[in-house]
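What the coordinates show
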Amino acid sequence: MKNSIKKIVPLTMSIIIVASIIISCSKSNITKSTPPPTDTTTTPVDTTHKIPVTAFKTLNYLYTISGTKTVSGIHNREPNATPAVWTDSIYKTTGKFPGLWSGDFLFEQDNINNRQIMINEAITQWKNGALVQLMWHACNPALAEPCGYDSNGVLSTMTDQQWTDLLTPGTSINTQWRSMIDEVCIYLQQLKAQNIEVLWKPLHEMNQSAFWWGGRPGPNGTRKLYQMMHDYMTTTKGLTNLVWVWDVQDFGTLSDDVNAYNPGASYFDVADLDVYDGSGYTTAKYNTMVNIAAGKPIAIGECETLPTAAQLLSQPKWTYFMSWSELTFQGNTTAELKALYTAPNVVTLDKMPGWE
């Protein structure tokens, strides 16, 4: 029996070994032919430009068109009794209404008395689908309101002490300034109640020393007054319908001015450049505004001679232009206006998306 067992054991072991090899090979073949499922999908890299989404329909629209289209616009200067006279003049000339309407709270008594007429026009323009912009050529709070466009009013000056008082809460000049702002806020609150957004451009041309508020660089200069105004109107007065426009003029010192007068990224939504110096729409000016805006929309805040459609194609981040009332028809021919207002990259009122 022992000899039989010896013979059987090797045979049995051989069978087991062969079976193990077969099973092992079988498993190996299964692994190779049917690998365990893995996630082979690759997440695509998003190389597109991220368009910010803000609380403002109008600002979102400007972000959307930046780099491709430019909204047409014109300012409607005094009198406030006829707050669409220059907008209507563009239509008579080109057959197109501008996509941006601009008005002004102004400074003379008649125009102050007719501010409501101007605000009513802002409401109409918004309902028609236009961008609504408002400015304010304010009187000097150290002097008197109403005033004129002269050295006793809008074009007056302040002493350094008066300026310090203006920035100091509780002084007579500061109190007068806030009272003047309060009067303007009454009208802006009407627009807020109707969900109307306003491109609000106060203290325009900060680097322009002709105005009592301008020409004071640095942290305690014009930008400080702008910051205080922003905080008061936004927080204290609750005007959350304002899209803040920071505006400078194209002086030879522009590259320095955009830093010296910059109120800070949290204080503006759009960066404006007024183009008046005679050199036109240079690449240097354009690049300066693009760089200082750091991704925010830029615009041609004021001008006499308008850019051509070709110039706007080469400088596509200008989201709107606003020519100055009567200067529009002095600095541009009828043919030039028609060519611009019918260009495919220029947005007129009939091409606006609407706000309702």
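Notes on the structure in this doc start here. As the structure is a prediction and not an experimental result, all values here were calculated from the model. Within every chain, residues take consecutive numbers counted from 1 along the sequence as written. Only residues with pLDDT of at least 70 get local features here, since the model is predicted, and only at 80 or more are side-chain atom pairs given and counted; chain-wide, interface and lining totals rely on the full set of residues. Where side-chain values are given, they derive from all heavy atoms of the structure, hydrogens and water being excluded.

A few words now on the state of the cysteines. Any pair of cysteine sulfurs within 2.5 Å is marked as a disulfide. Applying the stated criterion across every chain, the model contains one disulfide. Between the sulfur atoms of cysteine 139 and its disulfide mate cysteine 147 the distance is 2.2 Å. Looking down the S-S bond of the cysteine 139 and cysteine 147 bridge, the torsion is -95°, so its handedness is left-handed. The residues cysteine 139 and cysteine 147 share a single accessibility class, namely buried. Exposure classes here rest on a 1.4 Å probe applied to the protein chains alone. A residue is buried below 20% of its type maximum, exposed above 50%, and partly exposed in between.

Aromatic ring pairs: the centre-centre distance and the angle between the two ring planes describe each pair. When two rings of Phe, Tyr or Trp (its six-membered ring) have centres within 6.5 Å they constitute a pair, described as stacked for plane angles under 30 degrees, edge-to-face for angles over 60, and tilted for the intermediate range. Scanning all chains against the criterion turns up 15 aromatic pairs. By definition, being over a ring means that NZ of Lys or CZ of Arg is both within 6 Å of the ring centre and within 35 degrees of the ring normal. The ring of phenylalanine 268 carries lysine 296 above its face, with NZ or CZ at 4.6 Å from the centroid.

Only DSSP runs of H or I with at least four residues qualify as helices, and only runs of E with at least two residues qualify as strands; both kinds are numbered from the N terminus onward. The buried count for strand S7 (residues 270–275) comes to six of six residues, which makes it a mostly enclosed element. Neither face of S7 is left uncovered, since the one carrying Val270, Asp272 and Asp274 and the one carrying Ala271, Leu273 and Val275 both have all their residues buried. Whether two strands pair comes down to DSSP finding at least two bridges between them. Note: strand S6 (residues 242–249) against S7, five bridges, orientation parallel. Bridge pairing links glutamine 249 to aspartate 274 in S7. Handedness of the S6-helix H9 (residues 254–260)-S7 crossover: right-handed. As paired strands, S7 and strand S8 (residues 298–303) are joined by five bridges and run parallel to one another. Directly across from leucine 273, in S8, lies its bridge partner isoleucine 300. The definition of a right-handed crossover adopted here requires that, viewed with the strands pointing away, the path from the first strand over the helix to the second runs clockwise. Running through helix H10 (residues 283–293), the crossover from S7 to the neighbouring parallel element S8 is right-handed.

Now for unusual backbone geometry. Each neighbour pair has its own omega, and for glutamate 78 with proline 79 the value is 10°, a cis peptide bond. Along the polypeptide, proline 79 turns up in the loop between strand S2 (73–75) and helix H3 (85–94). Of note, the amide linkage connecting glutamate 145 to proline 146 takes the cis form, showing an omega dihedral of 5°. One can find proline 146 in the loop between strand S4 (131–135) and helix H6 (160–166). In this model, serine 325 sits at a positive phi of 30°, which is unusual for a non-glycine residue.

It is worth spelling out helix H2 (residues 57–65) at this point. Of all nine residues that make up H2, seven are buried, and the element is covered over most of its length. Inspection of H2 places Thr58, Leu59, Asn60, Tyr61, Leu62, Tyr63 and Ile65 among the buried residues, and these make up the whole buried set. Following H2 by one or two positions, glycine 67 adopts a phi angle in the positive range, close to 100°.

Next up on the list: helix H8 (residues 222–236). With 15 residues, H8 should cover 21 Å at 1.5 Å per step; its first-to-last C-alpha distance of 20 Å lies within 8% of that length. Looking at the buried residues of H8, the elements they touch are H6, helix H7 (172–193), strand S5 (198–201), S6 and H9. One or two steps after H8, the chain reaches glycine 238, where phi turns positive at roughly 70°. Expected span, for any helix, means 1.5 Å times one less than how many residues it has. What makes two residues a contact is simply this: any of their non-hydrogen atoms within 4.5 Å.

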